Amino acid sequence: MSDAEDARTDDRAAGGTTAAERRREQRGWYFYDFACSVYSTSVLTVFVGPYLTSVARAAADADGFVHPLGIPVRAGSLFPYAVSASLVLAVLVMPLAGAAADRTGRKKPLLAVSAYVGAAATAGMFFLDGDRYLLGALLLIVANAALAVSMVLYNAYLPQIATPEERDAVSSRGWAFGYTSGALVLVLDLVLYTGHASFGLSEQEAVRICLASAGLWWGAFTLVPLRRLRDRRVRPGGEGAAGSGWRQLVATLRDMRRHPLTLSFLLAYLVYNDGVQTVISQASIYGSEELGLEQSTLITAVLLVQVLAVAGALGMGRLARLYGAQRTILASLAVWTLILVAGYLLPAGEPVWFYALAAAIGLVLGGSQALSRSLFSHLVPPGKEAEYFSAYEMSDRGLSWLGPLVFGLGYQLTGSYRDAIISLVIFFAAGFVLLARVPVRKAVAAAGNPVPDRI
């Protein structure tokens with residue numbers, strides 16, 4: 001391929017924009033991670049799990065069960081079940097969003113709707129008090145599903161705003177922005193929670209303010225990407241997006257049969273990411289209920305994760321430039337496996353060991369997610385970014401219902417979170433084997449994209 005053809009290929013892969021235009025959009029794109037990551041850290045990882053569990057226990061019968069829709073559910077299993085249900089809902093909506101984005105080219109309005117639905121549901125958690133466990137479960141389901149839908153649209157911008165050689169770095173910077181915002185807000189949450197009495201607040205009121213403020217932050221900083229990102233024109237024609245979402249998903253999966261190596265990567269990602277997402281969402285429950293740690297300890301530990309995840313995302317981005325994204329991800333999966341084994345063996349009531357585990361998680365969390373996203377972007381055929389990233393997001397969040405469901409069932413049946421946590425090892429071990437078998441350079445070429453020097 002000639003230099004001129006290389007330039008045209010890079011231009012097409014980055015949406016036909018100049019370097020200056022790409023940098024402007026990239027800076028705006030980073031800010032959606034900055035906006036929505038506060039939900040993932042403050043709400044999903046720290047506060048809502050233990051708090052919703054306490055609300056459910058306040059409503060439980062003498063045997064410790066609540067009865068949503070007449071179904072007996074152990075109060076301690078309500079949170080993981082709600083997370084699982086939210087991801088099932090996301091499966092139903094994400095194909096519609098991906099199809100609409102590809103057929104109309106209007107990703108930005110769809111991003112705005114999904115982001116603000118999620119932000120509003122999160123802000124509404126301020127009203128979660130007393131024994132309103134059903135309200136809490138409903139708001140959690142809506143917010144978590146809206147986040148998943150918005151990430152389909154957000155991730156689909158990556159191939160349009162970055163050339164193939166830029167994507168590892170751009171994706172890693174996005175994650176770093178997200179972890180930076182998560183750390184900043186957690187510091188504020190820690191100040192409010194630990195000093196709630198001096199602010200004239202009860203402990204429950206402080207938690208509700210922390211939950212609601214995450215929704216306000218999400219909504220406020222979403223304005224930045226909505227101003228900076230731009231929609232691309234698409235060829236006219238095709239069915240209406242709303243009526244063809246599921247047909248489009250089926251067509252996408254059929255199209256992936258022509259790209260079996262892309263499909264193989266998605267299968268590997270589906271497996272190991274299920275483990276990652278379950279660890280993220282259930283860590284606070286494990287720490288508070290099984291290890292008996294204080295809420296302030298959990299906040300500090302997650303803050304440590306956020307700080308180290310910034311360095312981890314950027315550091316693993318550099319490792320990917322030296323050794324390739326695939327090898328770097330494989331190394332991170334080996335570390336994840338060791339982390340889970342150590343977590344199972346952690347003694348109760350010993351914060352120092354929990355902090356050590358949090359440090360290890362921080363170093364691999366951001367990088368493994370960022371490099372998975374950028375690696376997949378190389379495997380997407382040009383012009384099919386949103387529909388393929390819809391399938392990717394279904395693997396990222398929409399099909400990650402299995403881990404929380406297994407975790408919840410483990411506690412439902414045994415009453416022990418340790419028995420639940422050790423089962424997640426299989427996700428990382430199987431994911432490692434499946435990813436190692438994918439010939440990524442061949443997969444990039446088969447998708448019709450230029451192959452980077454290191455991948």
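The structure reproduced in this document is the subject of the present report. Because the structure is a prediction, the values reported are computed rather than measured.

Each value, and the rule that gives it
Once a new chain begins, its residue numbering starts again from 1 and follows that chain's sequence as written. Selection of residues for local features in this predicted model requires a pLDDT of at least 70, selection of side-chain atom pairs for listing and counting requires 80 or more, and totals for whole chains, interfaces and linings are taken over all residues. Each side-chain value is worked out from all heavy atoms of the structure, with water and hydrogens disregarded. Counting from the N terminus, the helices are DSSP H or I runs at least four residues long and the strands are E runs at least two residues long. A 1.4 Å probe rolled over the protein chains alone gives each residue an accessible area, and that area as a share of the maximum for its type sets the label: buried under 20%, exposed over 50%, partly exposed in between. For every element, the axis is a line fit to its C-alpha atoms; helices are fit only across the contacting stretch, and the angle between N-to-C directions ranges from 0 to 180 degrees. Note that the term roughly parallel is reserved for angles under 35 degrees, roughly antiparallel for angles over 145, roughly perpendicular for angles of 65 to 115, and oblique for everything else. The hand of a helix crossing depends on one turn: near helix anticlockwise from the far one by less than a right angle means left-handed, and clockwise means right-handed. Each residue is assigned to one of three groups, with Ala, Val, Leu, Ile, Met, Phe, Trp, Tyr, Cys and Pro labelled nonpolar, Asp, Glu, Lys and Arg labelled charged, and all others, Gly among them, labelled polar. The rule for a salt bridge is simple: a side-chain nitrogen of Lys or Arg has to be within 4 Å of a carboxyl oxygen of Asp or Glu. Throughout this description, the term nonpolar core refers to a set of buried Ala, Val, Leu, Ile, Met, Phe, Trp, Tyr and Cys residues connected via side-chain atoms within 4.5 Å. Exposure above 30% relative accessible area and no salt bridge define the residues that can form patches, which grow by joining like charges within 9 Å and nonpolar side chains of Val, Leu, Ile, Met, Phe, Trp and Tyr within 5 Å. Working definition of accessibility: Shrake-Rupley area with a 1.4 Å probe, residue cover restricted to the visible protein chains. The rule is short: rings of Phe, Tyr and Trp, with Trp giving its six-membered ring, pair when the centres are within 6.5 Å, and they are stacked under 30 degrees, edge-to-face over 60, tilted in between.

### Side note on unusual backbone geometry
Even without glycine at this site, Leu69 takes up a positive phi of about 55 degrees. One can find Leu69 in the loop between strand E1 (65–66) and strand E2 (73–74). On the basis of relative accessible area, Leu69 is assigned to the exposed category, the value being 84%.

### With respect to the packing of helix H12 (residues 295–323) against helix H14 (residues 351–377)
The geometry of a pair of packed helices is captured by two quantities: the angle between their axes and the separation between those axes. Direction vectors running N to C along H12 and H14 enclose 40 degrees, while the axes themselves pass 6 Å from each other. Comparing their axes, H14 and H12 come out oblique. Regarding H12 and H14, the two cross each other, and that crossing is right-handed. The class makeup of the residues in the contact of H12 with H14 is 19 nonpolar, eight polar and no charged.

### Things to note about the pattern of salt bridges
A side chain with one charge may pair with a side chain of the opposite charge, provided their charged atoms come close. If you walk through the whole model with that rule in mind, you get five salt bridges. Close ionic contact of Glu166 with Arg22 constitutes a salt bridge, the shortest N to O distance being 3.3 Å. One end of the pair, Glu166, is in the loop between helix H6 (158–161) and helix H7 (167–194); the other, Arg22, is in helix H2 (residues 19–59), and 144 residues separate them in sequence. Its relative accessible area of 10% is what places Arg22 among the buried residues.

### Structural notes on the nonpolar core
Nonpolar side chains tend toward joint burial in soluble globular proteins. Counting residues in hydrophobic clusters, the biggest one holds 131 residues, and the most contacted among them are Trp29, Tyr32, Leu140, Trp218, Phe265 and Trp336. Looking at which element gives the most residues to this core, the answer is H2, with 17 residues. Among the nonpolar cores identified, the runner-up in size contains seven residues, and Ala90, Met94, Ala145 and Val149 belong to it.

### Some thoughts on a nonpolar patch on the surface
On the surface, Val341, Tyr344, Leu345 and Ile422 cluster together into a nonpolar patch covering about 330 Å² of accessible area. Ranked by the residues each element gives to the nonpolar patch, the list is headed by helix H13 (residues 325–345), at three residues. In this structure, Tyr344 sits in helix H13. Classification of Tyr344 as partly exposed rests on a relative accessible area of 32%.

### As for the packing of aromatic side chains
Taken as a whole and judged by the stated rule, the model has 17 aromatic pairs. Taking the centre distance of 5.1 Å and the plane angle of 40 degrees together, the rings of Tyr30 and Phe177 count as tilted. Of this pair, Tyr30 sits in helix H2 while Phe177 sits in helix H7, placing them 147 residues apart in sequence. You can call Tyr30 buried: its relative accessible area is 5%. When the ring of Phe31 is compared with that of Phe177, the centres are 5.5 Å apart and the planes differ by 75 degrees; the resulting orientation is edge-to-face.

Nothing here speaks to function; it is geometry throughout.
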